[in-house]
Amino acid sequence: MSSDGIREIGVGMLGYAFMGKAHSNAFRKIGYITWPPPLMPRLVAIAGRNEAAVAEAASRYGYERWTTQWQQLVDDPAIGLVDNLGPNDIHAAPTIAAAEAGKHVVCEKPLGRDAEESYEIWRRVAATGVKHMCAFNYRFVPAVRLAREMIDAGELGELRHFRGRYLQDWGDTTAEVWRFDRETAGSGALGDLAAHVIDLARYLVGEIDAVGGFLRTFIPGREVDDAVEATVEFENGAVGTIEATRLALGRRNAFQWEINGTKGSLYFDMERLNELQVFRADGDRARGFKTVLVSEADHPFWEHWWPPGHIVGWGDTFVHELHHFLAAIASDTDVAPHGATFEDGYRAAEICDALVHSSASGQRERINYRTL
């Protein structure tokens, strides 16, 4: 128990860089922003391969100890949750080992480097009965959750079109980055960016039934794809497009999507994270889209934050996501449908693999999802 009488959960984190900072910041914020938290996160240990870097991260982020051996997180009885934020090639073994040791697990996306690895992670972890979540944090943007609520309420009518693209511009570099190594990453823009678009498409529109598209590498000598272009068919009859690249100059973190239905449309841009563009066929036809600032007291997640108009940031999506996961642990409720489970992570990987096959064959690929 914490000093306030709130039950604690020990957190062990694998990875200390970009995502390590984001998740550590979120766990610390949960302890006071979401008061009272469902469980009080206790930052027990952080693991990483670089001894000097992980020791410095432990001091900065507030962990009690650090290690260069991830197995120590699995073996530590003070840890009840392992958060795996390492490179893609170390998603499988530590995550499975932690779950089989009885610890709840969070794993960054993509769940695995391909569908086969992702399925094995899901199968092995699901068999343990622990809570599991694949860290598709964009489900926890207030505007995205508001869009889901509007769609579920039938405000868009029958869904017809989805257009999603995730554009960044940092990929034209000669720097040695693990995301460019096929053995480590599995893929390039496909698993890094397009996977986010795929997950949001599934979350907002429905299951994807078939895809067609191609991958392209522009940088000579690079092992992974630089760009993905795809068309998708949904089981409910809607159609869509997906685009992702790390070579769109001027686009820093432009995750943009639009959904068109028979009664209205929605549009969102991650670079304007607090806004949702809304068009209603019965009232806005002459005036176009309305900009909704998603910061009202009755909007999703806003019970934790500020007065209306005082916006939140990208890092706060992890607060919402990890709070949701802790609540599922504390109350023994489902992580789905709002949190992405390892099944969701696997299904996103199956769709990514289908795009690889489509690019190689020049044919559309129908998705065959495996079950446990």
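Structure first, text after, so check above.
Residues numbered from 1 in each chain as written. Predicted model: local features only at pLDDT ≥ 70, side-chain atom pairs only at ≥ 80, totals over all residues. Heavy atoms only, no water.

K.L.:
Is there a simple way to explain the state of the cysteines in this structure?
P.N.:
Joining two cysteines, a disulfide is a covalent bond between their sulfur atoms. Scanning the model with the defined rule gives zero disulfides in all. Take C134: it sits in no disulfide, and the sulfur closest to it among the cysteines is that of C107, at 6.2 Å. (Disulfide = S-S within 2.5 Å.)

K.L.:
When you look at unusual backbone geometry in this model, what are you seeing that I'm missing?
P.N.:
Most peptide bonds are trans, and most residues other than glycine sit at a negative phi. A cis geometry characterises the amide bond from W35 onward to P36, with omega recorded as -10 degrees. Examined against the element boundaries, P36 turns out to sit in the loop between α1 (18-33) and β2 (40-47). Between K109 and P110 the backbone carries a cis peptide bond, its omega angle lying at -10 degrees. By secondary structure assignment, the location of P110 is in the loop between β5 (104-108) and α5 (115-126). Of note in this structure, F301 is not a glycine but carries a positive phi near 70 degrees. Here F301 lies in the loop between β14 (290-293) and α9 (316-331). Positive phi is not limited to glycine here, since D332 has a value of about 55 degrees. Tracing the backbone through its elements, the reader meets D332 in the loop between α9 and α10 (342-361). (Helix = DSSP H or I, 4+ residues; strand = E, 2+ residues; numbered from the N terminus.)

K.L.:
Explain the sheet that holds strand β4 (residues 81-84) here, please?
P.N.:
The strands that make up a sheet pair up through hydrogen bonds in the backbone, lying either parallel or antiparallel. Taken in spatial order, the six strands line up as β3-β2-β1-β4-β5-β6 in an open sheet, and their pairing is parallel. The open sheet terminates on both sides in strands that have one partner only, identified here as β3 (65-67) and β6 (132-135). Ignoring strand direction, the axes of neighbouring strands in this sheet form an average angle of 25 degrees. Where β5 and β6 come together, four bridges link them in parallel fashion. Bridging across to β6, C107 finds its partner in C134. (Pairing = 2+ DSSP bridges. Axes fitted to C-alpha atoms, helices over the stretch in contact; angles between N-to-C directions.)

K.L.:
Is there a simple way to think about the pairing of strand β10 (residues 239-245) in this case?
P.N.:
If a strand is regular, its side chains alternate between the two faces of the sheet. The pairing of strand β7 (residues 159-167) with β10 spans seven bridges and is parallel. Residue pairing in the sheet places G164 in a bridge with I242 of β10. Counted between consecutive antiparallel strands, the loop separating strand β9 (residues 227-234) from β10 contains four residues, among which G237 sits at a positive phi close to 100 degrees.

K.L.:
Would you mind showing me how to read the packing of aromatic side chains here?
P.N.:
Where two aromatic rings form a pair, the distance of their centres and the angle of their planes describe that pair. Evaluated as defined, the whole model comprises 14 aromatic pairs. Judged by centre distance (5.5 Å) and plane angle (65 degrees), the rings of Y119 and Y346 are edge-to-face. Of this pair, Y119 sits in helix α5 while Y346 sits in helix α10; the two residues are 227 residues apart in sequence, bridging distant segments of the chain. Plain terms: the ring middles of W170 and F180 are 5.5 Å apart, the flat faces sit at 20 degrees to each other, and that makes the pair stacked. Placement of the pair is W170 in the loop between β7 and α7 (182-185) and F180 in the loop between β7 and α7, with a sequence separation of 10 residues. We classify W170 as partly exposed; its relative accessible area is 30%. What makes F180 buried here is its relative accessible area of 10%. Within the aromatic cluster, the residues linked to one another by ring pairs are F18, W314 and F318. Here the basic side chain of R347 rests over the ring of Y369, its NZ or CZ set 4.3 Å away from the ring centre. Above the ring of Y119, the side-chain terminus of R370 is found at 4.9 Å from the ring centroid. (Phe/Tyr/Trp six-rings, centres within 6.5 Å; stacked < 30°, edge-to-face > 60°. Buried < 20%, exposed > 50% of the residue type's maximum accessible area, 1.4 Å probe, protein only. Lys NZ or Arg CZ within 6 Å of the ring centre and 35° of its normal.)

K.L.:
Sorry if this is basic, but what is going on with the environment of T241 here?
P.N.:
Structurally, the position occupied by T241 is in strand β10. In sequence terms T241 and A22 are 219 residues apart; their C-alpha atoms lie 30 Å from each other. Not counting chain neighbours up to four residues away, the residues in contact with T241 comprise F162, R163, G164, A230, T231 and V232. (Contact = heavy atoms within 4.5 Å.)

K.L.:
What is the right way to read the packing of α1 against α9 from this model?
P.N.:
The axes of two packed helices give the description: the angle between them and the distance between them. α9 packs onto α1 with a crossing angle of 65 degrees between their chain directions and a minimal axis gap of 8 Å. For the element pair α1 and α9, the recorded crossing hand is right-handed. Residues M19, A22, H23, A26, F27, K29 and I30 of α1 lie in contact with α9, whose contacting residues are D316, F318, V319, E321, L322, H323 and L326. Taken together, the residues of the contact of α1 with α9 sort by class into nine nonpolar, two polar and three charged. (Left-handed = near helix turned anticlockwise from the far one by under 90°. Nonpolar A, V, L, I, M, F, W, Y, C, P; charged D, E, K, R; others polar.)

K.L.:
What is the right way to look at the environment of V232 in this model?
P.N.:
Positionally, V232 belongs in strand β9. On the accessibility criterion, V232 (2% relative accessible area) is buried. V232 sits 31 residues away from A201 along the chain, and the two C-alpha atoms are 9.7 Å apart. In contact with V232, other than residues within four places in its own chain, are I208, A210, V211, A238, V239, G240, T241, I242 and R364.

K.L.:
Honestly, the sheet that holds strand β11 (residues 254-261) in this entry has me stumped. Any pointers?
P.N.:
With mixed pairing, the nine strands of this open sheet are ordered in space as β14-β13-β12-β11-β7-β10-β9-β8-β15. Looking at strand neighbours, the two that pair on one side only are β14 and β15 (365-366), the edges of this open sheet. In the sheet, β11 pairs with strand β12 (residues 264-269) via five bridges, with the strands oriented antiparallel. Of the residues in β12, the one forming a bridge with I259 is L266. Helix-sheet contacts for helix α6 (residues 142-152) involve β7, β11, β12 and β13 (275-280), and the interaxial angle to β13 is about 25 degrees. Sitting on the sheet, α10 touches β8 (208-216), β9 and β15, and the angle it makes with β8 is about 55 degrees.

K.L.:
How should the pattern of salt bridges be read in this particular structure?
P.N.:
Oppositely charged side chains may form a pair once their charged atoms are brought near each other. Applying the stated criterion across every chain, the model contains 30 salt bridges. The residue R347 makes a salt bridge to E207 at a minimum N-O spacing of 2.9 Å. Pair noted here: R347 is in helix α10 and E207 is in the loop between α8 (189-204) and β8, with a separation of 140 residues, a long-range link. The residues R347 and E207 share a single accessibility class, namely buried. Across the pair E275 and R272 runs a salt bridge, and its minimum N-O distance is 2.9 Å. When salt bridges that share partners are traced, they join R139, D199, R202, E207, E343, D344 and R347 into one network. (Salt bridge = Lys/Arg side-chain N within 4 Å of Asp/Glu carboxyl O.)

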